[in-house]
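Results of the structural survey
Here is what each chain is made of, one letter per residue.
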Amino acid sequence: MGVAGVAAAATRLAHGQLRRRPPGSPGSWRRVNYAGRTVRAEAGAAAAGGAALGAAVAAALPVRERCAVALAAAAGAVCGRYDDLRGDHRRGFRAHLGALRNGQLTSGSVKLFGVGAAGLAAGALVKERPLDKVLAGVVVAGTAHLVNLVDVRPGRAVLAVLALGVPGLLRGAPVAAAPMGAAAAVLADDVAERAMLGDMGAHALGGALGVAVAVANGRLGLVVHAAGLVAAAVGGEAVSRIARSPMWVIPVGGLAPRGSGK
């Protein structure tokens with residue numbers, strides 16, 4: 001079984017177990033989506049674990065890449081889960097940094113610094129030169145943020161991971177198969193509004209995908225991707241608005257997405 005197969009199988013198994021016996025309060029895993037429907041969010045934890053495990057057991061992958069995926073996925077999951085539980089009305093970096101200047105530690109600030117630090121650490125694992133390490137870190141953290149930005153309707157984040165992972169596979173970065181396999185495993189449930197990734201799953205899959213993007217690119221590619229991701233972060237509301245567009249609606253299994261991940 002390949003990397004994607006292991007990641008998908010682990011995600012499906014974990015999702016089933018988590019739905020039967022969710023850790024902590026069962027109510028903490030339920031969220032109200034854009035359409036006002038209550039949706040369960042255990043898929044985010046399952047996808048995070050599946051992506052990390054898929055990479056971890058792939059003996060063909062360099063140890064540093066496997067560790068980088070595990071680190072990015074774990075940090076994204078922890079910080080995203082914190083935001084799922086403690087998030088407030090503030091949106092965008094400016095709002096969270098402004099609150100921080102006033103002495104308020106928001107969930108967005110936790111994500112910004114937590115995912116950012118993990119991204120830099122993951123980037124340092126997969127690149128050799130100092131500048132490349134920093135650029136790779138920006139790419140890892142930025143990809144995590146981008147996937148979360150498009151997680152505003154069912155299926156958007158999952159489809160983004162699948163689409164953005166393909167270039168990595170084509171450019172010789174098989175580590176991309178880990179987040180892609182995990183994402184594919186929850187696609188049908190996400191689109192049908194039986195489950196949602198939440199910030200936990202979106203950041204975890206995005207971080208793991210960011211590692212693959214960093215691995216697949218040299219200096220020029222890292223610069224281009226980092227610049228694009230920073231621009232997407234600055235224009236986050238516009239990115240989310242595009243993701244809400246009907247152009248993203250792709251029926252899966254005869255079901256068209258109706259609601260929202262957030």
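Up top you'll find the structure we're talking about.
So, how was this worked out
- Sequence positions are assigned chain by chain, starting from 1 and proceeding in written order.
- Only residues with pLDDT of at least 70 are given local features in this predicted model, and only at 80 or more are side-chain atom pairs given and counted; all residues enter the totals for whole chains, interfaces and linings.
- Heavy atoms throughout the structure, all of them, feed into the side-chain values; hydrogens and water do not.
- Helix numbering and strand numbering both begin at the N terminus, where a helix is a DSSP run of H or I of at least 4 residues and a strand a DSSP run of E of at least 2.
- Burial classes: relative accessible area under 20% of the type maximum marks a residue as buried, over 50% as exposed, and values in between as partly exposed (1.4 Å probe, protein chains only).
- Should any heavy atoms of two residues lie within 4.5 Å, those residues are counted as being in contact.
- We get accessible surface area from the Shrake-Rupley algorithm with a probe of 1.4 Å; when it comes to residues, only the shown protein chains can shield them.
- Salt bridge, as used here, is a side-chain nitrogen of Lys or Arg placed within 4 Å of a carboxyl oxygen of Asp or Glu.
- The definition of a nonpolar core used throughout is a set of buried Ala, Val, Leu, Ile, Met, Phe, Trp, Tyr and Cys residues joined through side-chain atoms within 4.5 Å.
- For a helix, the expected span equals 1.5 Å multiplied by the residue count minus one.
- Axis definition: a line fit to C-alpha positions, over the contact stretch in the case of helices; interaxial angles, taken between N-to-C directions, run 0 to 180 degrees.
- The cut-offs work like this: below 35 degrees is roughly parallel, past 145 is roughly antiparallel, 65 to 115 is roughly perpendicular, and the gaps in between are oblique.
- Put simply, a crossing is left-handed when the front helix is turned counterclockwise from the back one by less than a right angle, and right-handed when it is turned clockwise.
- When residues are grouped by polarity, Ala, Val, Leu, Ile, Met, Phe, Trp, Tyr, Cys and Pro land in nonpolar, Asp, Glu, Lys and Arg in charged, and all others, Gly among them, in polar.
- The sign given to each residue is positive for Lys and Arg and negative for Asp and Glu; His and the chain ends receive no count.
- Here is the rule: rings of Phe, Tyr and Trp (six-membered ring for Trp) pair when centre to centre is within 6.5 Å. Planes less than 30 degrees apart are stacked, more than 60 are edge-to-face, and the remainder are tilted.
- In our convention, an over-ring charge means Lys NZ or Arg CZ found within 6 Å of a ring centre and within 35 degrees of that ring's normal.
- Take the seven residues that end at a residue and the seven that start at it, fit an axis to each, and the angle between those axes is the bend at that residue.

Attention now goes to the overall build of the protein. If you tally the helices and strands in the protein, you get eleven helices and two strands. In sequence order, the protein lays out its α and β elements as α-β-β-α-α-α-α-α-α-α-α-α-α. For the protein, the proportion of its 262 residues judged to be buried stands at 53%. Pairs at least 24 apart in sequence give 75% of the contacts found in the protein among residues at least 6 apart. For the protein, the accessible area works out to roughly 11400 Å², and carbon and sulfur atoms hold 64% of it.

This next bit is on the pattern of salt bridges. Under the definition given, this model contains eight salt bridges. Arg37 is the partner of Glu193 in a salt bridge, and the nearest nitrogen-oxygen pair spans 3.3 Å. Here the residue Glu193 occupies a position in the loop between α8 (177–191) and α9 (198–216), and Arg37 occupies one in the loop between β1 (30–32) and β2 (38–40), the gap between them amounting to 156 residues. The salt bridge partner of Arg40 is Glu42, with a shortest N-O separation of 2.9 Å. Across the pair, exposure class does not vary: Arg40 and Glu42 are buried alike. In the salt-bridge network here, residues are joined through shared partners; they are Arg12, Asp189 and Arg194.

This part is about the nonpolar core. Counting residues in each nonpolar core, the largest one holds 53 residues, and the members touching the most others are Leu197, Leu205 and Val211. At nine residues, the largest contribution of residues to this core is made by α9. With sequence-adjacent residues up to four places away left out, Leu197 is seen in contact with Ala41, Ala43, Gly44, Ala47, Asp151, Ala157, Val158, Val186, Ala202 and Leu205. Core analysis: the second largest hydrophobic core is formed by ten residues, Leu18, Ala46, Ala52 and Ala73 among them.

Time to look at helix α5 (residues 107–126). Taking 1.5 Å of rise per residue, 20 residues should cover 28 Å, and α5 covers 28 Å from first to last C-alpha, within 8% of that figure. Of the positions making up α5, those classed as buried are Ser107, Gly108, Ser109, Lys111, Val115, Ala118, Gly119, Ala122, Gly123 and Val126.

Our focus in this paragraph is the environment of Asp132. Residue placement: Asp132 occurs in helix α6 (residues 130–149). With 91 residues separating them in the primary sequence, Asp132 and Val223 have C-alpha atoms 8.8 Å apart. Setting aside chain neighbours within four positions, we find Asp132 in contact with Lys127, Arg219 and Leu222.

Further remarks concern the packing of α5 against α6. Relative to each other, α5 and α6 sit at 135 degrees, their axes nearing to 7 Å. Here α5 lies oblique to α6, going by the angle between them. Two packed elements cross with a definite hand, and for α5 against α6 that hand is right-handed. Judged by residue contacts, Lys111, Val115, Gly116, Gly119, Leu120, Ala122, Gly123, Ala124 and Val126 of α5 engage Lys133, Val134, Ala136, Gly137, Val140, Ala141, Ala144 and Asn148 from α6. Of the residues belonging to the contact of α5 with α6, the class tally is ten nonpolar, five polar and two charged.

Another point: the side chain of Glu65. For Glu65, the position within the fold is in helix α3 (residues 63–86). Here Glu65 occupies a buried position and makes no salt bridge, while the nearest side chain of opposite charge, Arg66, is found at 8.0 Å. Once you skip the residues sitting within four places of it in the chain, Glu65 turns out to touch Val126, Val175, Val211 and Val215.

Applying the stated criterion across every chain, the model contains zero aromatic pairs. The ring of Tyr34 has Arg153 sitting right over it, with the charged end atom 3.7 Å from the ring centre.

On to α8, then. End to end, α8 covers 21 Å across 15 residues, agreeing with the expected 21 Å (1.5 Å per residue, within 8%). At Ala185, α8 shows its largest kink, close to 35 degrees. For α8, the buried fraction is high: 13 of the 15 residues fall into the buried class.

The values reported here are purely geometric and, on their own, carry no functional implication.
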